[in-house]
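# Examining the three-dimensional arrangement
Read off the chains here:
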Amino acid sequence: MTAKDPREIIDRSAMTTAQFFVVILTVLLNAMDGFDILSISFASPGIAKEWGVAPAALGVVLSMELIGMGIGSVFLGGLADKIGRRPTLLACLVVMIGGMLGATTSTGPVVLSAWRLITGLGIGGMLACTNAVVAEFSNSRWRSLCISFMVIGYPLGGGFGGLYASALIAKYDWRSVFYLGAIATAILLPLTALLIPESVPWLARKQPENALAKINHSLSKLKLETVPALPAVPPNEKKKSLSDIFSPALLAITVTVTLAYFLHILSFYFLLKWSPKIIADMGFAPSSTGRVLSLANFGGAAGGALFGLLISRIGLKRLTIITMVVNAFAIAAFGRSPHDLTILTWLAVIAGFFGNAAISGMYSIVAHAFPTHVRATGTGFVVGMGRSGAVLSPMLAGLLLQEKVELPTIALVMCAGSMLAAIVLSFLNLNPEKPVAAQETKSAAGLAPSRA
């Protein structure tokens, strides 16, 4: 690349205030993802009481937005690589607002499930897109840390949202949670339109009509040096397609990362989806169950932040494996805890801390693994297919609860996912012999291979 390549300018220049604002906004967007997807957990005790929903049926309702997320991640992630990051982000926000408002009109579990499916479509596309945005708007020095901070928005949204949700549910009913989510998401829509321009790496590779003017507009918005001409796009670069995530160069990474993410998510969503109902069934007030989930999410935010700071010292793959193993032990301990709210809270916080730290690791691994032209597609595929673990998690736990399986046994079954994910991840090679893809990944993502 030449010195005037706009991607080099972003990689090598110091982070500007405008770039930090983009990262902060992605944290807030991810926070809304966190609140939206956990809103059904906060509302689940009230839903079960109002409609008399059995545990297995409630598990299906809890899973519907996760099914939507899987679909949205795969298809909207690919859309972001086709039409751009910015329009995809804005469209996902509109879908999320509509889904949250629609949920307030529900008169039964079937209608509610449909609206949660729609909300999940927006959430899934947002997850795929924000990872690409952070990777492409931050410089090489701060990229890994910025991705980790983007990921902590998810538990922060669940944590702060849970505090407000608990108060709203105590005063009104479960529908108030969805009103809160719709209003907060609507506030972020104009901020996203104002602060996030189109991705420079995406424009430099895709080169749509008026690409140079659009690149310089984005660089100007970011307060960076503009360029006099478009970078050259090699002929073989133009032949690349979204299906390259299944090419010989990337297939092993795609399969390994997807399977590891699936298995970890299978464990991760057990407490996120079922801890309010489990704790409520122990005889504690519904408001206190929301507080436990909120604190678990704050633990997750702390875990994600610390993970970002420790990557350079321990290594990305090794640190991710360690956090997965500790998360598995924390879930197993939660299942064997006495009916003591303080102990249950601390175990939930520990599980949230290490569980979300591992999620942060997986997103950083994805940013390492996929080059620009398939970064959102690769992220979307990993998240979308991996999130089927999130779909299965509440359903499996709901069936076990309905069959009167003891909680310690359920927790032992559910924690196995993270342990198996750690084993699968140990086989991952973050720098395989793929000369073209490896060089593009390093230059486009600005990341040196992580220590295994």
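Right, let's walk through the structure included here. Every chain's residues receive numbers from 1 upward, in the order its sequence appears when written. Reporting in this predicted model follows two pLDDT cut-offs: at least 70 for local features of residues, and 80 or more for side-chain atom pairs to be given and counted; totals over whole chains, interfaces and linings ignore these cut-offs and use all residues. No hydrogens and no water enter the side-chain calculation; it runs on all heavy atoms of the structure.

### Examining the overall build of the protein chain
Test applied: Helix and strand definitions follow DSSP, with helices as H or I runs of at least four residues and strands as E runs of at least two, each counted in order from the N terminus. With C-alpha atoms as the basis for the radius of gyration, the globule rule is written as 2.2 Å multiplied by the number of residues raised to the power 0.38. In this scheme, a residue with accessible area under 20% of its type's maximum is buried, one over 50% is exposed, and one in between is partly exposed, where area comes from a 1.4 Å probe on protein chains only. Accessible surface is estimated by sampling points in the Shrake-Rupley manner with a 1.4 Å probe; for residues, cover comes only from the protein chains shown.
The helix and strand tally for the protein chain stands at 18 helices and zero strands. Since a compact globule built from 452 residues should have a radius of gyration of about 22 Å, the 21 Å found for the protein chain is in line with a globular shape. Overall, the C-alpha framework of the protein chain stretches about 65 × 45 × 35 Å when taken along its three principal axes. By residue count, 61% of the 452 residues in the protein chain fall in the buried class. As presented, the protein chain carries roughly 16,800 Å² of accessible surface, and 69% of it is formed by carbon and sulfur atoms.

### Focus on the pattern of salt bridges
This is how the line gets drawn: The salt bridge definition used is simple: a Lys or Arg side-chain nitrogen within 4 Å of an Asp or Glu carboxyl oxygen.
Per the counting criterion, the structure on display carries seven salt bridges. With its nearest N and O atoms 2.8 Å apart, the salt bridge here joins Arg143 to Asp11. With Arg143 in helix α6 (residues 143-171) and Asp11 in helix α1 (residues 6-12), this residue pair connects regions lying 132 residues apart in the sequence. The pair formed by Arg143 and Asp11 is uniform in burial state, with each residue classed as buried. The salt bridge partner of Asp81 is Arg85, with a shortest N-O separation of 2.5 Å.

### Structural notes on the packing of aromatic side chains
By convention here, two paired aromatic rings are described through the distance between centres and the angle between planes. For clarity, the threshold we go by: Two aromatic rings from Phe, Tyr or Trp, using only the six-membered ring of Trp, form a pair when their centres are within 6.5 Å; if the ring planes differ by under 30 degrees the pair is stacked, by over 60 it is edge-to-face, and anything between is tilted.
Within the structure shown, the criterion is met by six aromatic pairs. Ring geometry for Phe268 versus Tyr269: centroids 5.7 Å apart, planes at 80 degrees, classification edge-to-face. Overall, the relative accessible area of 10% leaves Phe268 in the buried class. Assessed through its relative accessible area of 0%, Tyr269 is described here as buried. Members of the aromatic cluster, joined through ring pairs, are Trp51, Trp174 and Phe178.

### Some words on the packing of helix α11 (residues 251-281) against helix α13 (residues 316-335)
Our working rule: Every angle, taken between N-to-C directions, lies between 0 and 180 degrees, and every axis is a line fitted to C-alpha atoms, over only the stretch in contact when it is a helix. When describing relative orientation, an angle under 35 degrees is termed roughly parallel and one over 145 degrees roughly antiparallel, while 65 to 115 degrees is termed roughly perpendicular and anything else oblique. Here a crossing is taken to be left-handed if its near helix is turned anticlockwise relative to the far helix by less than a right angle, and right-handed if that turn runs clockwise. Any two residues whose heavy atoms approach within 4.5 Å are treated as being in contact. In this count, Pro and Cys sit with the nonpolar residues alongside Ala, Val, Leu, Ile, Met, Phe, Trp and Tyr, while Asp, Glu, Lys and Arg are called charged and the others, Gly among them, polar.
Where α11 meets α13, the closest approach of the two axes is 11 Å, and the angle between their N-to-C directions is 30 degrees. Overall, the two elements α11 and α13 adopt an arrangement that is roughly parallel. Note on packing geometry: the crossing formed by α11 with α13 is left-handed. Between α11 and α13, the residues in contact are Ala260, His264, Ser267, Phe270, Leu271, Ser275 and Ile279 and Met324, Asn327, Ile331 and Phe334, respectively. Per-class residue counts for the contact of α11 with α13 are seven nonpolar, four polar and no charged.

Geometric descriptors of this kind do not, in isolation, establish any biological role.
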